[in-house]
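Close look at the chain arrangement
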Amino acid sequence: MSPVQTVLQHLICGPPQGHPRSSSLPSEPLVHIDLNDSDDVLFTPTTERVYQMQQSQLKRATTLRDIRTKEKATKEGMKKALLDNFLEGLELQGLSIPEFLDYVYDPATVHTTFDWQWHGFFQDKVTMERVFNRFMTKQFSASARTWIKDWATKQVTKVVTEEALEITESGLLRKSNKVINKDFFLSYSLRDITKSLRSLAPSTFTILDSFSTTTCQVKSLTSKWRERKEMMQGAAVLSLLKSRSQNNSYAQAVHSTYLMATGAQRQHFGVLSAMGISMGYTSIINQHAFAKATPLNNAVAALEGGASENPAEMKKKKMQTLGTLYQLLKACMATAWGVASTGFFVVVYDNINMMVQIAEQVLGRKNAQENGTCTTAVPLYNVALEDLSAEKHAECLKNADPLSLKHLEFTDTEAGLYHAATHHTMLRIIVLFGGPAFTERWQKDLDKCRPCSEEVIEVHQTRLHPLPSMEIDENSTQGNVEVVEAVTEALGLDFKSQEYNVTVKILAGDQLTIARQRSIMNL
């Protein structure tokens, strides 16, 4: 439909239904007629009406714009005159704008006619922000800008201090209110801690976001890199909170234990502790806690043989807590004692050899080899009391037939299973190590034909409970006797108790260990 046809339909049929009468005329000319190309123009009646409508709308828009401009100028002039009179009045009375604002926002001032504190100031946030931004422009002197910056810094400092105090009081990073066990370490997540810190200290992390992110990075920052950046900020805040209070040392305790587990040297702890990443070396390995100096504790110390110590020197002793490793040891041992109390467990031990190397060779100092024994307690799965009955075990040994060759030979079922398992093992080696062609073609078929024994237990997770290493050489018969005694004592068991002799105690190891254990029976 042409523009002329559109105008005719509009004039004859009226405006479209659903539109108000004010919209019967188009807000913009439907047809633009340019008269600059010729001075002699002939219009058709329809085009003449369109042209007249266009000129009328243009004149009306110009008139309205002039009226609005005049009204705005009049209003601005009245406002300027009013504010100038107000400022002149302040000057005549010897008052200043700070004094005026101090009066308006003084809590003792009562505003009965109008709420100047909110509706008169804070409600107009756009104007407030424009005024505050002007304070930091070069329109004002350097000293004025410095004063504004110092004031703003003090206010931000108050907010950051309150957020740091809230984090400390929340106990999120407090080590003392957490039980040091496996959950103490396995539940540690820098990502989760950072999210909690951001929720407790949003203003602090907003500053860190600006401090650690450029304008270019904001535009091109990916979600993965943003997450890494937030974790860096969280690690920095953890170090700063540790320097603020010792009650914020949970993360450092976990980091220090990781360093010990990975074989870090003492010098590493000194460097990382100074950076706030870990705790000190002694805070990890300390095994003695000095009680607070009180009359009761002093009396207990005297009864225990500490009466010769000077009371004045005892007051100087700083109260210390047990090291993280020692507390973890106590928690692990408590779990191992619970396993040992059931009687359904097996102990596996073997020798350990460590070479202690001296970094600097000096006279009288050389490398040395240390020998010891490591032990692990493993709970037995789905075992009943009659399965480990010591009485039944002794009776079976007493009534057992002498060992003969037929006891060592496979039955037909056992021989078939052994042959199938050997055959499957050879096929598995070929498929897994024969190259991608074998793996892609035969892996699924190989898994389907895996032989299985009828005596397979259910799939479950076996929890290991390491016991403290022992400075005992288990290569000798006497050493094995000492190992058994040390393990029994470490598990809180008593040889002489009736409960100890109710169940069979299973000790396992390598071939040499078993040979030494059998030699003990011949003593």
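What comes next is a walk through the structure. Please read these numbers as outputs of a predicted model, since none were measured by experiment. (Residues numbered from 1 in each chain as written. Predicted model: local features only at pLDDT ≥ 70, side-chain atom pairs only at ≥ 80, totals over all residues. Heavy atoms only, no water.)

1. Some words on the pattern of salt bridges
Note the following rule: Take a side-chain nitrogen of Lys or Arg and a carboxyl oxygen of Asp or Glu: if they are within 4 Å of each other, that pair is a salt bridge. Secondary structure elements are taken from DSSP: a helix is a run of H or I of four residues or more, a strand is a run of E of two residues or more, and numbering for both begins at the N terminus.
Scanning all chains against the criterion turns up 7 salt bridges. Here K80 and D84 are joined by a salt bridge, their closest N and O atoms 3.0 Å apart. Of the two residues, K80 and D84 both sit in helix α2 (residues 45-93), 4 residues apart, roughly one turn of that helix. Close ionic contact of R191 with E227 constitutes a salt bridge, the shortest N to O distance being 2.4 Å. Highlighted residues: R191 in helix α8 (residues 190-200) and E227 in helix α11 (residues 223-244), separated in sequence by 36 residues.

2. Quick notes on the packing of helix α19 (residues 412-433) against helix α20 (residues 436-448)
Quick note on the threshold: Interaxial angles span 0 to 180 degrees and are taken between N-to-C directions of axes, which are lines fitted to C-alpha atoms, for helices over the stretch in contact. Throughout, the term roughly parallel applies to angles under 35 degrees, roughly antiparallel to angles over 145, roughly perpendicular to angles from 65 to 115, and oblique to all others. Whether a crossing is left-handed or right-handed is set by the direction in which the near helix is turned from the far one by less than a right angle, anticlockwise for left-handed and clockwise for right-handed. Whether two residues are in contact is decided by their heavy atoms: any pair within 4.5 Å suffices. The nonpolar class holds Ala, Val, Leu, Ile, Met, Phe, Trp, Tyr, Cys and Pro. Asp, Glu, Lys and Arg form the charged class, and all remaining residues, Gly among them, are polar.
The N-to-C vectors of α19 and α20 enclose an angle of 150°; their axes lie 9 Å apart at closest approach. When the axis of α19 is compared with that of α20, the two are roughly antiparallel. As α19 packs across α20, the resulting crossing turns out to be left-handed. On the side of α19, the interface is formed by H424, L427, R428, I430, V431 and L432, while α20 contributes F438, T439, W442, Q443, L446 and D447. A class-by-class count of the residues in the contact of α19 with α20 yields 7 nonpolar, 3 polar and 2 charged.

3. Some words on the packing of aromatic side chains
Definition in use: Working definition: a ring pair exists when centres of Phe, Tyr or Trp rings (six-membered ring for Trp) sit within 6.5 Å. Plane angles under 30 degrees give stacked, over 60 give edge-to-face, the rest tilted. For every residue, the accessible area (1.4 Å probe, protein chains only) is compared with the maximum for its type, and the residue is labelled buried under 20%, exposed over 50%, or partly exposed between those bounds. Only when the NZ atom of a Lys or the CZ atom of an Arg is both within 6 Å of the ring centre and within 35 degrees of the ring normal do we say a charge sits over the ring.
Overall, the coordinates contain 10 aromatic pairs when judged by the stated rule. Between the aromatic rings of F184 and F185, the centroid separation amounts to 5.0 Å while the plane-to-plane angle is 75°, which identifies the pairing as edge-to-face. Assigned by exposure class, F184 and F185 land together as buried. Feature note: the residues F184, F185, Y188 and Y250 constitute an aromatic cluster, connected by ring pairs. Positioned above the aromatic ring of Y250 is the side chain of K178, whose terminal nitrogen or guanidinium carbon lies 4.8 Å from the ring centre. Lying over the aromatic face of Y500, K505 brings its terminal NZ or CZ to 4.4 Å of the ring centre.

4. Description of the nonpolar core
For clarity, the threshold we go by: Put simply, buried Ala, Val, Leu, Ile, Met, Phe, Trp, Tyr and Cys residues joined by side-chain atoms within 4.5 Å make one nonpolar core.
In this structure, L173, F184, Y188, I193, L197, L238 and L241 are the most contacted members of the largest nonpolar core, which totals 24 residues. For this core, the elements supplying multiple residues, two or more each, are α6 (142-170), α7 (182-186), α8, α11 and α12 (250-261). In terms of residues, this core owes the most to one element, α12, which gives 5 residues. Ranked by size, the runner-up nonpolar core spans 13 residues in total, among them A336, V339, Y349 and I472.

5. Focus: the environment of L172
Within the element layout of this structure, L172 appears in the loop between α6 and α7. On the basis of relative accessible area, L172 is assigned to the partly exposed category, the value being 24%. Here the alpha-carbon distance between L172 and Y250, two residues 78 residues apart in the chain, equals 8.3 Å. Excluding residues within four positions of it along the chain, L172 makes contact with I167, K178, S196, L197, L200 and Y250.

6. Some words on unusual backbone geometry
Of note in this structure, N382 is not a glycine but carries a positive phi near 55°. Looking at the secondary structure, you find N382 in the loop between β2 (368-379) and α18 (390-399).

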